[in-house]
Amino acid sequence: MPDKKHLQDRPIGVLDSGVGGLSVLKALVQELPHEDLLYLGDTARTPYGTRAEEEIRKFVEEMLCYLEEQKVKQVVLACNTITALGCDRLQKAHPFVLVGMSKGEQQLLAAAKNKKIGIMATPFTVASAMHKKALEAIDPAVQVYPVPCPKFVPLVEGERFTGPELDSAVDEYTRPLKEAGVDAVCLSCTHYPFLQKELQAALGSAVTVIDPAEATALLCRQQLEGEGLLNEKKTKGSVTVCCTADIERVKRLAAHMLSERECDFRMVTLPSK
Ligand code: DGL
């Protein structure tokens, strides 16, 4: 393996359409405390999950170019919608290694005793069927119930964590899963852990709700170890949260996931492609 020691001190880039990936950033801070983390949320153009593929690809490429300019060693796609575009294809034009969201397969299959699994995700992720394919590849007998939840991302980005709009969206999207009698549900959009309490309450305590953020952080560590890119320093890494709009809103939403003293905030302009 070529010696990559000179790259070990570089930051890890973390990407999302908005604030959702902060739920993954939290898991990365815990799993990789000595790494410098550089988060980028495209808050000016969120949501992505209701857009056409070509447009999402253009936006993602702009974000990847920004992270390349920042000389990151690894990019974590802290977004299922972006992961659905295909890691290999996104990786191609760039020098860093890239990790997508875990599909939570192992945890889901362990929790679903009746082999009925719900997937809550954006319309784009549901249309890609990536979770269904990953689960069926391990266990062809599994029954997967995907539910597109387009109202959740605007509610989270809009800080609307209480009220009739949220209640009715939670009811609308959990109802088909309750009717199907699923044992386990994956929060397959990184914005949804912001609503985890409400979703767990609506689904009931018999249903295991899985956030694949920790499994994703583990995939990142394994890739860094495998590539010889793990930072060997023993001091605490830095956390920088960049966004393309509404920095004060991003600060408030980040407080749901991270303690304020642990990060710096920065507005950025993306290079247009
Ligand atoms: N947080 C994202 C995901 O995991 C995308 C949400 C969106 O922009 O629609 O899918």
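Everything that follows concerns the structure shown earlier in this document.
Description of the structure in this document.

Reading guide: rules and limits
Residues numbered from 1 in each chain as written. Predicted model: local features only at pLDDT ≥ 70, side-chain atom pairs only at ≥ 80, totals over all residues. Heavy atoms only, no water. Buried < 20%, exposed > 50% of the residue type's maximum accessible area, 1.4 Å probe, protein only. Helix = DSSP H or I, 4+ residues; strand = E, 2+ residues; numbered from the N terminus. Pairing = 2+ DSSP bridges. Axes fitted to C-alpha atoms, helices over the stretch in contact; angles between N-to-C directions. Contact = heavy atoms within 4.5 Å. Polar contact = N/O pair within 3.5 Å; in protein donor to acceptor, adjacent residues only side chain to side chain.

1. Quick notes on the pairing of strand β5 (residues 116-121)
Here's step 1: A large share of β5 lies buried, amounting to 5 of its 6 residues.
Here's step 2: Pairing analysis gives 4 bridges linking β5 to strand β7 (residues 184-187), with the strands arranged parallel. Within β7, the residue paired with Gly 118 across the bridge is Val 185.

2. Looking at the sheet that holds strand β9 (residues 239-243)
Working definition: the strands of a sheet are paired by backbone hydrogen bonds and lie parallel or antiparallel to each other.
Here's step 1: Pairing in this open sheet of 6 strands is parallel, and the strands run β4-β3-β1-β2-β9-β10 from one edge to the other. Whereas interior strands pair on both sides, the edge strands pair on one side only; in this sheet they are β4 (97-99) and β10 (264-267). With strand direction ignored, the average angle separating the axes of adjacent strands in the sheet is 20 degrees.
Here's step 2: In terms of strand pairing, strand β3 (residues 74-77) meets β4 through 3 bridges, oriented parallel. If you follow Val 76 over to β4, its bridge partner there is Val 99.
Here's step 3: Sitting on the sheet, helix α1 (residues 22-31) touches β1 (12-16), β2 (37-41), β3 and β9, and the angle it makes with β2 is about 175 degrees.

3. Notes on the side chain of Thr 244
Here's step 1: Within the secondary structure layout, Thr 244 lies in the loop between β9 and α12 (247-254).
Here's step 2: One polar contact links Thr 244 to Asp 42, side chain to side chain, over a distance of 2.8 Å.
Here's step 3: Residues within four places of Thr 244 in sequence aside, it is in contact with Gly 41, Asp 42, Thr 43, Ala 44, Met 267, Val 268 and Leu 270.

Everything listed here is a matter of geometry and, on its own, says nothing about what the molecule does.
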